[in-house]
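Next come the chains, spelled out residue by residue.
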Amino acid sequence: MPVEVFDKEKFIELSANATECKIKKNKENTKLKLRTPRYMYTIKLDPKEADELAAKISCPKTEI
């Protein structure tokens, strides 16, 4: 099961160990997913906030 993160700074820290990052855009929100060796972490944000956070993430990004 994925683990939902609510803090943006913690999500950025977790991205350092991630092997991939997936971005899923909907009409109301955007979901970012980080795949780490142990867990998958997710965060739901407004599209504008998600774009800012995606720019700070250091793992390879894929839009789905």
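Scoring rules and cut-offs
Residues numbered from 1 in each chain as written. Predicted model: local features only at pLDDT ≥ 70, side-chain atom pairs only at ≥ 80, totals over all residues. Heavy atoms only, no water. Salt bridge = Lys/Arg side-chain N within 4 Å of Asp/Glu carboxyl O. Helix = DSSP H or I, 4+ residues; strand = E, 2+ residues; numbered from the N terminus. Buried < 20%, exposed > 50% of the residue type's maximum accessible area, 1.4 Å probe, protein only. Contact = heavy atoms within 4.5 Å.

> Explanation requested: the pattern of salt bridges in the structure shown.
One side chain can pair with another of opposite charge once the charged atoms of both are near each other. According to the stated counting rule, one finds two salt bridges in the structure shown. The residue Lys8 makes a salt bridge to Glu49 at a minimum N-O spacing of 3.7 Å. In this pair, Lys8 sits in helix α1 (residues 8–14) while Glu49 sits in helix α2 (residues 47–56), placing the two residues 41 residues apart along the sequence. Asp51 is paired through a salt bridge with Lys25; the nearest N and O atoms lie 3.9 Å apart. With a gap of 26 residues between them, Asp51 in helix α2 and Lys25 in strand β2 (residues 20–25) connect regions that are remote in the sequence. By relative accessible area, Asp51 is classed as partly exposed at 44%.

> Would you explain the side chain of Ser15 in this entry?
Within the secondary structure, Ser15 sits in the loop between α1 and β2. Relative accessible area serves as the criterion here: at 2%, Ser15 is assigned to the buried category. When residues no more than four places from it in sequence are discounted, the contact partners of Ser15 are Leu34, Ile57, Ser58 and Cys59.

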